[in-house]
Amino acid sequence: GIRDFVKKSNNEVAALQQEISDKSDTRAGAKTELTQADEDLKETNGELKSLSEYLAELHGDCDFLMDNFDIRQEARTDEINGLK
């Protein structure tokens, strides 16, 4: 009768409340993970920017060396010949 209905309803409510609690915990955990992932992404993007700047610097140095290699080699050859 009615007692069984109330008991069953109370059990269902308790189960649903537990499900809400579990999902809230899962959501909180996901938010924490998202915050950490956002921080990691910012850090990684900062590292990528630094590496990109370093690469550009190295590229510039390399271009300078390559552009001036023949001139420097000729100067060294003249220096060596001057010592002979």
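Conventions used here
Residues numbered from 1 in each chain as written. Predicted model: local features only at pLDDT ≥ 70, side-chain atom pairs only at ≥ 80, totals over all residues. Heavy atoms only, no water. Helix = DSSP H or I, 4+ residues; strand = E, 2+ residues; numbered from the N terminus. Rg over C-alpha atoms; globule rule 2.2 N^0.38 Å. Buried < 20%, exposed > 50% of the residue type's maximum accessible area, 1.4 Å probe, protein only. Areas by Shrake-Rupley, 256 points an atom, 1.4 Å probe, with all protein chains shown as cover. Lys, Arg positive; Asp, Glu negative; His and termini not counted. Charge placed at Lys NZ, Arg CZ, Asp CG, Glu CD. Salt bridge = Lys/Arg side-chain N within 4 Å of Asp/Glu carboxyl O. Patch = residues over 30% accessible without salt bridge, like charges linked within 9 Å, V, L, I, M, F, W, Y side chains within 5 Å. Expected span 1.5 Å × (residues − 1). Bend = angle between axes of the 7 residues up to and from the residue.

S.K.: Looking at this structure, how should I read the overall build of the chain?
M.R.: Within the chain one finds one helix and zero strands. A compact globule built from 84 residues should have a C-alpha radius of gyration of about 12 Å, whereas the chain, at 35 Å, is more than 25% larger. Dimensions of the chain, computed from C-alpha atoms along their principal axes, come out at roughly 115 × 15 × 15 Å. Across the 84 residues of the chain, 0% fall into the buried class. Carbon and sulfur atoms make up 57% of the accessible area of the chain, which totals about 8000 Å². Charge separation in the chain, taken as the distance between the mean sites of 11 positive and 20 negative side-chain charges, equals 13 Å.

S.K.: What is the right way to read the pattern of salt bridges from this model?
M.R.: Pairs may arise between side chains of opposite charge once their charged atoms sit close together. All told, the structure shown has two salt bridges when counted by the stated rule. Across the pair Arg76 and Glu79 runs a salt bridge, and its minimum N-O distance is 3.3 Å. Here Glu79 and Arg76 lie together in helix 1 (residues 2-83), a separation of three residues that amounts to about one turn. Taking the relative accessible area as the measure of exposure, Arg76 reaches 44% and is therefore partly exposed. When its relative accessible area of 46% is taken as the criterion, Glu79 is described as partly exposed.

S.K.: Help me understand a negative patch on the surface, please; the structure alone is not making it clear to me.
M.R.: A cluster of acidic side chains, namely Asp38, Glu39, Asp40, Glu43 and Glu47, defines a negative patch on the protein surface. Assignment of secondary structure puts Glu43 in helix 1.

S.K.: What exactly am I supposed to notice about a nonpolar patch on the surface here?
M.R.: A contiguous nonpolar surface patch, about 330 Å² in accessible area, is contributed by Ile2, Phe5 and Val6. Along the chain, Val6 turns up in helix 1. On the basis of relative accessible area, Val6 is assigned to the partly exposed category, the value being 40%.

S.K.: Help me out: how do you make sense of helix 1 in this one?
M.R.: Three or four residues apart is the spacing at which side chains of an α-helix point the same way, because the helix has 3.6 residues per turn. Across its 82 residues, helix 1 extends 114 Å between first and last C-alpha, which sits within 8% of the 122 Å expected from 1.5 Å per residue. A bend of about 55 degrees at Phe69 is the largest found in helix 1.

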